[in-house]
Amino acid sequence: MKLDDKTIQNLASHLEQAEINAQDVVKITDAHPDMDFEDAYAIQYAIRKAKLSRGQKFAGLKMGLTSRAKMTQMGVETPIFGFMMDYMARGDGGEIRIDELIHPKVEPEIAFVTKSDLRGPGCHIGDVLAATDFVVPAMEVIDSRYRDFKFDLKSVIADNTSSSRFVAGGHAGNPRELDLRTLGVVLEKNGEVVATGAAAAVLGHPANSIAMLANMLAERDEHIPAGTFIMTGAVTEAVAVQKGDSINARFQGLGSISVRFV
Ligand code: 0L1
Ligand code: MG
């Protein structure tokens, strides 16, 4: 690690204040060009600890940058992970207040809910399918705290991978009975199709994303506990939204999720 504990705490507070006040900031590596990936996750974990200490509840984990397109765009080979808290959840068919956010974008994802612990290293797709209770459609709202979404990998890890809101909906499916590679997703904004994709966009199969998360957590002596809700990464590109927009995501065989930005 390159940063001392005081700097980690200050940067965590800086990024969390940006989130709470919906006020964008410049990427933190501008002022701390030497920070490393350990520092970046330490800042993210400090944000999580601060939220827990205020009584907010942990709601799940997410993988980000899981599509080849996003990885190429960022010039990276490895996805990243973050977390969600209870206050970020919104109901299917509900509303999301735009004035609480900076410049939100939506992305449809497949979420997994585990029924037994998953541990790396060496976790693979078979382990994931055996340990999954069900999969369910999800919509993530990403809202980078960085001005114009301009960041590098370390800055975005520290910023909890742009997590801001999420919605689960549709209906649950058994991942052992679905072909999760060819599962199609259609994203509509105000009734018009704005993006389409197949779930293979997520590391070839969304279960690979869960396996990768278990293996990344193992490097930190952590695991995925039974009962964890995990979003596996965007099936389509992220689509920017504004006040008044209605979003609908259709998941082949698993129903749809809708939400309105007000
Ligand atoms: O969930 C994601 O894939 C987003 C990761 C962070 C990068 C971004 O904000 O686009
Ligand atoms: Mg995402």
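Located above this text is the structure these notes cover.
Caption draft 1: Spatial organisation of the overall build of the chain. Tallying secondary structure elements over the chain gives six helices and 13 strands in all. Here the C-alpha atoms of the chain give a radius of gyration of 17 Å, agreeing with the 18 Å that 2.2 N^0.38 yields for 262 residues. In terms of overall dimensions, the chain has C-alpha extents of about 50 × 45 × 35 Å along its principal axes. When the 262 residues of the chain are sorted by exposure, 52% land in the buried category. In the chain, once contacts between residues fewer than 6 apart in sequence are set aside, the share between residues at least 24 apart is 76%. For the chain, the accessible area works out to roughly 11,100 Å², and carbon and sulfur atoms hold 49% of it. Seen as two clouds, the 28 positive and the 35 negative side-chain charges of the chain have centres 2 Å apart.

Caption draft 2: Representation of the side chain of E188 in the model. Considering the arrangement of structural elements, one finds E188 in strand β8 (residues 184-189). Given a relative accessible area of 12%, E188 falls into the buried group. Here the side chain of E188 touches R250 through a polar contact of 2.8 Å, side chain to side chain. Aside from chain neighbours lying at most four places away, what touches E188 is V193, V194, S246, I247, N248 and R250.

Caption draft 3: Region of the structure containing the coordination of the magnesium ion (ligand 2). For the magnesium ion (ligand 2), the protein coordination sphere consists of E107 (OE), E109 (OE) and E140 (OE), at 2.0 to 2.1 Å. Counting the intervening residues between successive donors of the magnesium ion (ligand 2) yields the motif E-x1-E-x30-E. Taken as a pair, E107 in strand β5 (residues 105-114) and E140 in strand β6 (residues 132-142) lie far apart in primary sequence, 33 residues in all. Overall, the relative accessible area of 3% leaves E107 in the buried class.

Caption draft 4: Looking closely at the side chain of T132. Tracing the backbone shows T132 in strand β6. Excluding its chain neighbours within four sequence positions, the residues that come into contact with T132 are F112, V113, T114, K115, P175 and R176.

Caption draft 5: Representation of the site of ligand 1 in the model. Surveying the vicinity of ligand 1 reveals the residues K62, G64, L65, K70, E107, E140, I142, F149, F151, V156, T161 and S162. Within the side chain of K62, one N or O atom sits 2.8 Å away from an oxygen atom of ligand 1. Burial of ligand 1 by the surrounding chains reaches 94%, relative to a free accessible area of 300 Å². For the shell around ligand 1, the secondary-structure elements that each account for two or more residues are β1 (58-64) and β6. Classifying every residue of the shell around ligand 1 gives five nonpolar, three polar and four charged.

Caption draft 6: Molecular detail of the pairing of strand β2 (residues 80-85). Summarising burial for β2: six of the six residues are buried, a large majority. Neither face of β2 is left uncovered, since the one carrying I80, G82 and M84 and the one carrying F81, F83 and M85 both have all their residues buried. Here β1 pairs with β2 via six bridges, running antiparallel. Across the sheet, the residue bridging to F58 is M85, located in β2.

Caption draft 7: Inspection of the sheet that holds β8 at higher detail. In spatial order, the strands read β4-β13-β12-β8-β9; together these five strands make up an open sheet with mixed pairing. Edge strands, defined here as strands with exactly one partner in the open sheet, are β4 (94-96) and β9 (192-198). For this sheet, the mean angle separating the axes of adjacent strands, direction not counted, is 25 degrees. Pairing of β8 with strand β12 (residues 246-251), which is carried by five bridges, proceeds in the antiparallel orientation. Considered in β12, the bridge of V186 is made with R250.

Calculation notes
Residues numbered from 1 in each chain as written. Chains lettered and ligands numbered in written order. Predicted model: local features only at pLDDT ≥ 70, side-chain atom pairs only at ≥ 80, totals over all residues. Heavy atoms only, no water. Helix = DSSP H or I, 4+ residues; strand = E, 2+ residues; numbered from the N terminus. Rg over C-alpha atoms; globule rule 2.2 N^0.38 Å. Buried < 20%, exposed > 50% of the residue type's maximum accessible area, 1.4 Å probe, protein only. Contact = heavy atoms within 4.5 Å. Areas by Shrake-Rupley, 256 points an atom, 1.4 Å probe, with all protein chains shown as cover. Lys, Arg positive; Asp, Glu negative; His and termini not counted. Charge placed at Lys NZ, Arg CZ, Asp CG, Glu CD. Polar contact = N/O pair within 3.5 Å; in protein donor to acceptor, adjacent residues only side chain to side chain. Donors = N, O, S within 2.8 Å, 3.2 Å for Na, K, Ca; no water. Near = heavy atom within 4 Å. Nonpolar A, V, L, I, M, F, W, Y, C, P; charged D, E, K, R; others polar. Pairing = 2+ DSSP bridges. Axes fitted to C-alpha atoms, helices over the stretch in contact; angles between N-to-C directions.

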